[in-house]
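Below are the chains, spelled out letter by letter.
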Protein chains: 4
Amino acid sequence: MENKINIGVIGYGYWGPNLVRNFMESPRAKVSMVSDFKTELLLKAKTRYPAIEVTTDCQDLFTNPNIDAIAIATPVSTHFDLALAALKAGKHVLVEKPMTVTTDQALRLIEEAEKRNLVLMVDHTFVYTGAVQKMRDLVVTKELGDIYYYDSVRVNLGLFQHDVNVLWDLAVHDLSIMNYVLQEQPYAVSATGISHVPGEPENLAYLTLFFNNNLIAHINVNWLAPVKVRRTLIGGSKKMILFDDLEPSEKVKIYDKGITLNGNQNSNTDKVYQMLIGYRTGDMWSPKLEMNEALRTEVMHFVECIEQGKRPITDGQAGLHIVKILEAATHSMQQQGQLVKLNLAEVAA
Amino acid sequence: MENKINIGVIGYGYWGPNLVRNFMESPRAKVSMVSDFKTELLLKAKTRYPAIEVTTDCQDLFTNPNIDAIAIATPVSTHFDLALAALKAGKHVLVEKPMTVTTDQALRLIEEAEKRNLVLMVDHTFVYTGAVQKMRDLVVTKELGDIYYYDSVRVNLGLFQHDVNVLWDLAVHDLSIMNYVLQEQPYAVSATGISHVPGEPENLAYLTLFFNNNLIAHINVNWLAPVKVRRTLIGGSKKMILFDDLEPSEKVKIYDKGITLNGNQNSNTDKVYQMLIGYRTGDMWSPKLEMNEALRTEVMHFVECIEQGKRPITDGQAGLHIVKILEAATHSMQQQGQLVKLNLAEVAA
Amino acid sequence: MENKINIGVIGYGYWGPNLVRNFMESPRAKVSMVSDFKTELLLKAKTRYPAIEVTTDCQDLFTNPNIDAIAIATPVSTHFDLALAALKAGKHVLVEKPMTVTTDQALRLIEEAEKRNLVLMVDHTFVYTGAVQKMRDLVVTKELGDIYYYDSVRVNLGLFQHDVNVLWDLAVHDLSIMNYVLQEQPYAVSATGISHVPGEPENLAYLTLFFNNNLIAHINVNWLAPVKVRRTLIGGSKKMILFDDLEPSEKVKIYDKGITLNGNQNSNTDKVYQMLIGYRTGDMWSPKLEMNEALRTEVMHFVECIEQGKRPITDGQAGLHIVKILEAATHSMQQQGQLVKLNLAEVAA
Amino acid sequence: MENKINIGVIGYGYWGPNLVRNFMESPRAKVSMVSDFKTELLLKAKTRYPAIEVTTDCQDLFTNPNIDAIAIATPVSTHFDLALAALKAGKHVLVEKPMTVTTDQALRLIEEAEKRNLVLMVDHTFVYTGAVQKMRDLVVTKELGDIYYYDSVRVNLGLFQHDVNVLWDLAVHDLSIMNYVLQEQPYAVSATGISHVPGEPENLAYLTLFFNNNLIAHINVNWLAPVKVRRTLIGGSKKMILFDDLEPSEKVKIYDKGITLNGNQNSNTDKVYQMLIGYRTGDMWSPKLEMNEALRTEVMHFVECIEQGKRPITDGQAGLHIVKILEAATHSMQQQGQLVKLNLAEVAA
């Protein structure tokens, strides 16, 4: 047991128990301490894992010399302070998404982690699913041809957040998937949305991301929908994908469909164009996917990065990238869709 | 037979045959002449309806004294000239949607029809479906409570238009449904989109419509999608609707779901708010719908308006309203989402 | 026009209009006369096709020297008399399924047609769909490996027949598809069912067909179901098919799934067997299908058989084969599932 | 902790961990010992619940004086010996379904439990789901009218059993649901099936159950299907149910559909009957369901029965009832559908 990575977990609400379970079941790690300010949640943790120490004071984790790394599963607004304290205490950090509330906070955490040579990883869980891995492969291997668009709908009823708008809660998933699958940087965003609860942040939002190279992306998120939808379309010049995460199997369907463009592209009479555009519809194909629990894959990746000093797939830069987009989108939404430029190139640099 | 309304149809491509069939089968009307510049299409019409006269010159319809009304099923860019000529020839007019390419053209047709006391109707077919009629009833009777949002997705592969962008081809359906169901006027729009074919109009677009009274609408249209989707969510303070037009039955599902807001709205601490917002999930209910073919209902309404000098549900004003929105949306899309104001109040006046 | 095959149609109820439309639109045939005892139906035919003669007396078709072939779309109980009269009048015959009410009647029609060298075709429409053609290809090319089972569900609300039980109305479709796709003869059947309307035939039935070679088939048909279902599973040793005829596209899905059997088949301890059976799950694939209207393909095949003296794919033997199974199944159902042997080998001979 | 019911669990394979988790999380019970002959499974249990004692010898549970009750989650063929030993040791028993392999075994267990005044409960988990509870309510309150049929499909790929055929593994679920929902006793069964693996039990089966009162039931089970299906239709004279257990929500849909019978039932001409049968299609309605985990509800019911000396809903009689049907069905299947009579009346007595 001694050479296992020793994990402390802050926050045992919705996501914390999943982190604890996966760390406990991973061969190279164990959870020795959990903190939460709600004692009833700590009691639940204790009942299921009598061996784990619990505390209402997260300082106990920072000061505990046996703890190697800290996983933070608390509201967004608390991520920065907790992650910074953990890093300063010399702990590796796995922080819930979104990484922070501002770009500056994200940059500060990256700086602190690099200075201390600690692993800083953001919990973009979807990146570790078999479906997203497969879609990235299809894009990287040019199976889809040139990518034309990325269009996602992620809606359901609740859970309303109070410290951030719906983009920070739901769109963050789509942005982390898109960022990983497309490997492209948007140069600007336009967002619209509305709040239906006085004094609360927007509970419904629409985000368009502009890319170079004939590519556009759109994300539709909503906390107040009667049905749960998790559907993404990825259009390419050769093939197109439908990713429906609610499908029990066949989550990813690849359609051999598209348009064909022939002849003189400069022609400008309707008649001619009508001959130029053809429609191609072929077979549909749904590849078998790796069905491991994504969080299990992710925590093992976190442990491996700590053990081998590797940089995580979803590192601080990935987290920062998304915080930048969310900041810009929120600004655009306040201006009813006004275009807001991004400078992600330098970020990625 | 003599007292039947005598119809001439211009355009026998995709939609024309449906118009002819429905007029032929309606008890109070008949089609006596069809024009199209493609002789092979006229041959098809003749084979199915030997009694109908066919011509490649639409002037023959305008000059034919026995023809009472003309139905126009041609590309958008030709609607204005054909409709104006028909009205000037003293014929009642049923014109395909969208009504015209510009607001000025629409206003001119309305003026001409009123001057000559002729029926001018726009073929917003969906307004005449059982599903849309039912949704309007649910809104009018306040079954849904206050309307929070209208969110529609209408995507498929093809058919690319060359004279108008995808908003004019697909969003026009959603706008006509929304306009009829909600009975509200948006005050501004923000739209984004892209063209993937050099020199062609946008084949993919996202349109947000801003309303007063805590209401927002969004329309997602795409000519280059691997699957066909026709789904609309309507959120209300009491109930919410899922309208899936591809469902063979149960096209409209009403969910007794939503949020409840209690206590001190001015509170501003997270803890308290978490108590203030509650989630309500009850039964789902799918009402039986009138299953008549919408176009059949529509042509009978057109004939009735001619016979009784009535104003159609989808009259010139309804057509103009939508052209105004499409014009503004196209302008906004060219400015990458820039807000464009509308003045529909006066339009509706 | 003169050298077109001249068709007479008996029965203009539910199916007749589809036959007339497809014959009228096929380049090598035309419909010159339609008979039905309901004058309101004849009026409907006349309105749509003024050129067609109509009559309430089907004798007019038999005696009309210009008519080459007769299509019969009437209740099952009338098929034999009408088809026999048509053949005796020297007309080629296309008769609705099921071919007749008894095996003897079917044999008599085959005999008459052969004697007079006339085409006798049974309207097993599904055989001419792209989906069924594709499934047959997959079986013939051994893509599925050895066929293990054919399991179909065909249920909906209505339309109750009064002269035959639900097997004759719905299972006949599955039997014609199965017969064509599998190319195997069942040696016996066991059927169960019930009638929920006093004095009426069974409105719900379950039919098991026993084959040699490790193959079994089952058909579930029901006139009293709340939803419409058209789903068939075909299990093979290599791959398996899901055929859902209500899917707008992707009607046929092929699953690279199954079990693998290795090692000592004679072992008889649980432990060992658990090692012997493995599960294989690979990709799913949905081939593009020919989307022509099946009835169009079928009527053109009928015309071609007449013109070239060919034997139809769905000839009298195919019709007889299915009547034999329906007779045996009805007998078994009356005995609550008692096994009833078939001797189809000689039939097929 | 002392006054909690003390549970021992035999078998920690597929189902055992679910039993342990639910007992551990129920307020009135705890698990003190788990046995399994596979040490790697015991290690898994120990890792998750360090406080639980583990053993490879189930005798340790029988002889442990602190254990009040034993839950048996082992292969069917071992149920009888383990349950009998547990009862003889004075322990209450919760045994996996099916209860035993023979009727005699089931009767013997019932006798032993009654003699010793111990709780004997069979783990028919589905009976404790919100969906099944709701369907029973709808039947009991006559919402559906008279029940016409119960038709279930339960198919998927694997897991092949070696000691029992597919009826004992899958149909047992449908039988327990049907028995609880309908409250009717079938008087006979007819079953067909096939084994595709030499020397193994049937992996695919079709079971018809005959009832008095115009009611019939059918169950379609298959271990070798490419897709997972869990669909049940319940037809009634007033309303009909579609129960799809794979739906995330809306598992139960109630259709206000059916036939209407009017006028002279004795008439015997087709024409008249066509007037007698009418079709009624109204709204569809999907009630909100209790979404608690069924096994949690069930273990709490087991604990309550022990504490209060109550008879479980799914008691030995319910288990026996289903074993009788499975025995008869297996016998009928061996005779290719031959009718096999049941005498459940006396069973229920």
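What you are looking at is a predicted structure, and each value in this text was computed from that prediction instead of being measured.

Visitor: Hey, could you go over the overall build of chain A for me, with residue numbers and the actual values?
Guide: Scanning chain A from N- to C-terminus turns up eleven helices and 15 strands. In terms of overall dimensions, chain A is globule-like: its C-alpha atoms have a radius of gyration of 22 Å, near the 20 Å expected for 349 residues. Each principal axis of the C-alpha distribution contributes one length, and for chain A these read about 75 × 45 × 40 Å. Every one of the 349 residues in chain A was classed for burial, and the buried ones make up 62%. Contacts spanning at least 24 positions in sequence make up 66% of the contacts within chain A whose residues lie at least 6 apart. With the model as given, the accessible surface of chain A reaches about 13300 Å², and the carbon-plus-sulfur share is 50%. With 34 positive and 40 negative side-chain charges, chain A shows a separation of 4 Å between the mean positions of the two kinds.

Visitor: Before we move on, can you summarise the relation of the copies chain A and chain B with the specific residues and values?
Guide: Mapping chain A onto chain B calls for a screw motion: a turn of 180 degrees about the axis and a shift of 0.0 Å along it, with 0.0 Å RMSD after fitting. Such a combination of turn and shift is consistent with a two-fold rotation axis. Taken together, the interface assignments show that 100% of the residues at the interface of chain A recur at the interface of chain B, consistent with an identical surface on both copies.

Visitor: Give a detailed account of the relation of the copies chain D and chain A, specifying residues and quantitative values.
Guide: The operation relating the two chain copies consists of a rotation about an axis and a shift along that axis. Superposition record for chain D on chain A: RMSD 0.1 Å, screw rotation 180 degrees, translation along axis 0.0 Å. Of all interface residues in chain D, 100% are interface residues in chain A too; the two copies therefore contact each other through one and the same surface.

Visitor: Which residues make up the sheet that holds strand β6 (residues 120-123) of chain A, and what are the values?
Guide: Strand pairs in the sheet, formed through backbone hydrogen bonds, run parallel or antiparallel to each other. Residue and element names in this part refer to chain A. With parallel pairing, six strands are arranged side by side in an open sheet as β3-β2-β1-β4-β5-β6. Both outer strands of the open sheet, β3 (53-55) and β6, are each paired with one neighbouring strand and no more. Across the sheet, the mean angle from the axis of one strand to that of its neighbour is 25 degrees, orientation sign disregarded. Alignment of strand β4 (residues 69-72) against strand β5 (residues 92-96), held across four bridges, turns out to be parallel.

Visitor: Before we move on, can you summarise the nonpolar core with the specific residues and values?
Guide: Among the nonpolar cores identified, the biggest contains 260 residues, and F23 of chain B together with F23 of chain D are the most heavily contacted of them. The contact partners of F23 of chain D, leaving out residues within four places of it in the chain, are I7, A29, K30, V31, A71, L94, V299, F302 and V303 of chain D. In this structure, A71 of chain A, I10 and V227 of chain C together with I259 of chain D belong to the second largest nonpolar core, which totals 259 residues.

Visitor: Report on the domain arrangement of chain A, specifying residues and quantitative values.
Guide: Residues and elements named next belong to chain A. Taken domain by domain, chain A comprises domain 1 (5-125 + 294-314) and domain 2 (127-293 + 324-347). Between the C-alpha centres of domain 1 and domain 2 the distance comes to 30 Å. With 22 residues of domain 1 at the contact, the number on the domain 2 side is 16 residues. Here domain 1 packs against domain 2, burying approximately 1600 Å² in sum over the two surfaces, 59% of which is carbon and sulfur. In terms of surface lost to domain 2, no three residues of domain 1 exceed K97, T103 and A294, which account for 30% of the buried area on that side. Put simply, domain 1 and domain 2 have 14 residue pairs in polar contact (both at pLDDT 80 or more) between them. For the side of domain 1 that touches domain 2, the secondary-structure elements that each account for two or more residues are α1 (16-25), α4 (76-88) and α9 (294-308). Ranked by residue count, the leading element in the side of domain 1 that touches domain 2 is α9, at six residues. Looking at the side of domain 1 that touches domain 2 residue by residue, the classes come out as eight nonpolar, ten polar and four charged.

Visitor: An account of the pattern of salt bridges is requested, with residue identities and associated values reported.
Guide: For the structure shown, the criterion picks out 64 salt bridges over all chains. We note a salt bridge from R311 of chain A to D315 of chain A, for which the minimum N-O separation is 2.5 Å. Taking the relative accessible area as the measure of exposure, D315 of chain A reaches 9% and is therefore buried. D245 of chain B is the partner of K251 of chain B in a salt bridge, and the nearest nitrogen-oxygen pair spans 3.5 Å. Salt bridges sharing common partners tie together R108, E111, E112, K115 and R116 of chain A.

Visitor: Kindly report on the interface of chain D and chain A, identifying the contributing residues and their values.
Guide: Every contact between the two is made by eight residues of chain D and, on the other side, eight residues of chain A. Where chain D abuts chain A, roughly 590 Å² becomes buried across the two surfaces, and 51% of that area is made up of carbon and sulfur atoms. When the area that chain D buries against chain A is broken down by residue, the three leading residues are E25, R48 and P50 of chain D, summing to 56%. Counting across the chain D and chain A interface gives two salt bridges. In this structure, the salt-bridge partner of E25 of chain D is R48 of chain A, at a minimum N-O distance of 2.1 Å.

Visitor: Which residues make up helix α1 (residues 16-25) of chain C, and what values go with them?
Guide: Most of α1 of chain C is tucked away: nine of the ten residues are buried. Residues of α1 of chain C that are buried: G16, P17, N18, L19, V20, R21, N22, F23 and M24 of chain C.

Visitor: Just give me the short version of the interface of chain A and chain B, but keep the residues and values in it.
Guide: Taken together, the contacts link 58 residues of chain A with 58 residues of chain B. A combined buried area of about 5000 Å² lies between chain A and chain B, and 67% of that area is made up of carbon and sulfur atoms. Broken down residue by residue, the surface that chain A buries against chain B is led by H162, P226 and Q336 of chain A, which jointly contribute 14%. On inspection of chain A and its partner chain B, the count reaches zero salt bridges. Our count for the contact surface shared by chain A and chain B stands at 19 residue pairs in polar contact (both at pLDDT 80 or more). Its residues placed into classes, the side of chain A that touches chain B shows 31 nonpolar, 20 polar and seven charged.

Visitor: Run through helix α10 (residues 316-334) of chain B, naming residues and quoting values.
Guide: Residue and element names in this part refer to chain B. Counted at 1.5 Å a residue, the expected span for α10 with its 19 residues is 27 Å, and the 27 Å between its end C-alpha atoms agrees. Of all 19 residues in α10, 15 are buried, a share of seventy percent or more. The N-capping residue of α10, defined by a side-chain oxygen 3.2 Å from the backbone nitrogen of Q317, is D315. Just downstream of α10, Q336 is the residue with a positive phi angle, here 55 degrees.

Thresholds, definitions, all that
Residues numbered from 1 in each chain as written. Chains lettered and ligands numbered in written order. Predicted model: local features only at pLDDT ≥ 70, side-chain atom pairs only at ≥ 80, totals over all residues. Heavy atoms only, no water. Helix = DSSP H or I, 4+ residues; strand = E, 2+ residues; numbered from the N terminus. Rg over C-alpha atoms; globule rule 2.2 N^0.38 Å. Buried < 20%, exposed > 50% of the residue type's maximum accessible area, 1.4 Å probe, protein only. Contact = heavy atoms within 4.5 Å. Areas by Shrake-Rupley, 256 points an atom, 1.4 Å probe, with all protein chains shown as cover. Lys, Arg positive; Asp, Glu negative; His and termini not counted. Charge placed at Lys NZ, Arg CZ, Asp CG, Glu CD. Least-squares fit on C-alpha atoms with pLDDT ≥ 70 in both. Pairing = 2+ DSSP bridges. Axes fitted to C-alpha atoms, helices over the stretch in contact; angles between N-to-C directions. Core = buried A, V, L, I, M, F, W, Y, C linked by side-chain atoms within 4.5 Å. Domains from an automatic or database assignment. Buried area = accessible area lost by both parts, 1.4 Å probe. Polar contact = N/O pair within 3.5 Å; in protein donor to acceptor, adjacent residues only side chain to side chain. Nonpolar A, V, L, I, M, F, W, Y, C, P; charged D, E, K, R; others polar. Salt bridge = Lys/Arg side-chain N within 4 Å of Asp/Glu carboxyl O. Expected span 1.5 Å × (residues − 1).

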